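# Fold and contact review
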Amino acid sequence: MNNKGLPNGFLWGGAVAAHQLEGAWQAGGKGMSVADVMTVGSPKSYRKITEGIVPGQYYPNHEAIDFYHHYKDDIKLFAEMGFKCFRTSIAWTRIFPKGDEQAPNEEGLKFYDDLFDECLKYNIEPVVTLSHFELPYHLVTEYGGFRNRKLIDFFVRFATVCFDRYKNKVKYWMTFNEINNQANYQEDFAPFTNSGIYYKENDNREEIMYQAAHYELVASAKAVQIGHAINPDFQIGCMIALVPIYPETCKPGDILMAQKTMERKYFFTDVHVHGKYPNHIKKYWQRKGFQLDITDQDLEILTRGTVDYIGFSYYMSNAIRKKAGNDHYDYNEKTDLIGNQFVKVSDWGWQIDPEGLRYTLNWLTDMYHLPLFIVENGFGAYDKVESDGSVHDQYRIEYLREHIKQMKLAVEEDGVDLMGYTPWGCIDLVSAGTGEMEKRYGFIYVDKDNQGNGTLKRSRKDSFAWYKRVIESNGEDL
Ligand code: P53
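Residues numbered from 1 in each chain as written. Predicted model: local features only at pLDDT ≥ 70, side-chain atom pairs only at ≥ 80, totals over all residues. Heavy atoms only, no water.

With that settled, the discussion passes to unusual backbone geometry. Leaving glycine aside, a negative phi is the common case for residues, and trans is the common case for peptide bonds. At A24, a position not held by glycine, the phi torsion is positive, near 45°. Structurally, A24 can be placed in the loop between α1 (18-21) and α2 (67-81). One non-glycine residue with positive phi stands out, namely A64, at about 45°. Within the secondary structure, A64 sits in the loop between α1 and α2. (Helix = DSSP H or I, 4+ residues; strand = E, 2+ residues; numbered from the N terminus.)

See the structure below:
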């Protein structure tokens, strides 16, 4: 084991998701997805979900940054930075426009053939998420999204078609993006984007969320098994939003509260990795009286479709305290998280915590002992374009530098097995949470604002040259 430097072949790159940059929402036979019915929010509020397309509303994902028509030039810029890999997703609705068809849409398949070929031309390895907040909207209206067991088969069909088609072009896969976001079932955003669920008035939100997550975990396990049969060299991972929850103090109640919260947010990973539900979650369901549709056959499938690695996003940490009267240490994401006075926050209220990344890498290693892949990390910020067109995004460089330092320490000092690092939104794109364009993450600036005005012109920010140097030096020149 080297004790200096990142391994050779470390996968430096950048990450995006189809719906946040492609646009062309009806091109090439594409169907409507959940992302197509979401409007713009603000730094303080999630975006609105409408029932179908409402005239007069602005839907930022419809055009996004029109990567669909600009991908050759954009990938050329990624290659200029020296990307070894590029993480994107396959828009489900380009392949199965409604989601329940028997046969895929050839024009959609062809688009990703061309896109992956373009990456491979520059020796950029595609890293592909199958489901990144892109469920066909038809599956929402006709089937109730992942409330419905039938969705397992629709997803598996989609995954199988992709594995088969791209088996010689794509080696690294992930099944469901941030599957655990829906632990925040109190808000409408995550259940809709993760699972295509609109809650109705008297729904038991929490029970429905666990049911949907179960169907997704089964769908994921089936896909992993099929993928490995199609190409034994595939590396198929899960994808978890990793926001570590710290105890507010060393009061034993706070410590236990943080632990219970971590269990509630991350049991999804246990199922992906170990192929079974941990006891704590089964006990919790019993206590709550949840009656979930989980068959013996499902449990069998889970054991046979465990993942090869853990992909995760890391942006921030959070803190929690035990409230008086919460005798079961139950967790409510909407009301229970508290600020951490020891870290700074972004303009969107995200708590910036580079050491938390090292903590997270170690925590995941201690829990799961699998290779890890940081498939998202980054700083959403307002950028200012100078009169000469330059963008001096020193704050972004600072954020990424501090996180990369901690990532290196985790590898060099702690021996964490890390496959790569793909900062989020390597080119400016539509925010998932708020729908804004002006929450920017990119090394590449895209001229477009929150109302959809702009030329879509691309330009290099200061962070572009910086990141190029980082990759060139394999993380030594920060
Ligand atoms: P935006 C919440 C918390 C952590 C990650 O997010 C999250 C979210 C959802 O908002 O999402 C991931 O765009 C997600 C990406 C998303 C990115 O983080 O809200 O995988 O699709 O764009 C950043 O700033």
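Let us now look at the UniProt feature "active site" (unreviewed entry) in the chain. Following the UniProt record, one finds the feature "active site" (unreviewed entry) at E376. With respect to the helices, strands and loops of the structure, E376 is situated in strand β11 (residues 372-376). Judged by its relative accessible area of 4%, E376 falls in the buried class. (UniProt positions renumbered as here; feature names shortened; annotations may be inferred. Buried < 20%, exposed > 50% of the residue type's maximum accessible area, 1.4 Å probe, protein only.)

In this section: the nonpolar core. Grouped together as the largest cluster of nonpolar side chains are 145 residues, with contacts concentrated most on W173 and M407. With 12 residues, the top contributor of residues to this core is helix α8 (residues 205-230). Those residues in contact with M407 that lie beyond four places of it in its chain are L6, F10, W12, L357, L361, I374, L418 and Y421. Judged by nonpolar contacts, the second largest core, of 10 residues, contains V127, Y172, M239 and F373. (Core = buried A, V, L, I, M, F, W, Y, C linked by side-chain atoms within 4.5 Å. Contact = heavy atoms within 4.5 Å.)

Right, let's talk about the pairing of strand β2 (residues 85-89) for a bit. Summarising burial for β2: five of the five residues are buried, a large majority. Residue alternation in β2 divides its side chains into two sets, C85, R87 and S89 and F86 and T88, and both sets are buried. Sheet topology note: the strand β1 (residues 11-15)/β2 ladder contains three bridges and is parallel. Directly across from G14, in β2, lies its bridge partner F86. In terms of strand pairing, β2 meets strand β3 (residues 125-131) through five bridges, oriented parallel. Following the sheet pairing, R87 is matched in β3 by V127. (Pairing = 2+ DSSP bridges.)

Our next topic: the site of the ligand. Around the ligand sit 16 residues in total, of which Q20, E376, A432, K439 and Y441 are the nearest. Between the ligand and G433 there is a distance of 2.8 Å, counted from an oxygen atom to a backbone nitrogen or oxygen. Between Y441 and the ligand, the recorded distance is 2.5 Å, taken from a side-chain N or O atom to an oxygen atom. Out of a free accessible area of 470 Å², the ligand has 94% covered by protein chains. Placement of the ligand is best described as lying within the largest pocket. A class-by-class count of the residues in the shell around the ligand yields eight nonpolar, five polar and three charged. (Near = heavy atom within 4 Å. Polar contact = N/O pair within 3.5 Å; in protein donor to acceptor, adjacent residues only side chain to side chain. Areas by Shrake-Rupley, 256 points an atom, 1.4 Å probe, with all protein chains shown as cover. 1 Å grid on protein atoms, 1.4 Å probe; cavity = no way out; pocket = protein on both sides within 12 Å on 5 of 7 lines; lining within 4 Å. Sits in = over half its atoms within 2 Å of the grid points. Nonpolar A, V, L, I, M, F, W, Y, C, P; charged D, E, K, R; others polar.)

Before going further, it helps to spend a moment on the packing of aromatic side chains. Working definition: an aromatic ring pair is given by the centre-to-centre distance plus the angle between the planes. For the structure shown, the criterion picks out 42 aromatic pairs. A centroid spacing of 4.6 Å and a plane angle of 10° characterise the contact between Y46 and F189, whose relative ring orientation is stacked. Here Y46 is found in the loop between α1 and α2, whereas its partner F189 is found in helix α7 (residues 189-195), with 143 residues between them in sequence. Relative accessible area serves as the criterion here: at 40%, Y46 is assigned to the partly exposed category. (Phe/Tyr/Trp six-rings, centres within 6.5 Å; stacked < 30°, edge-to-face > 60°.)

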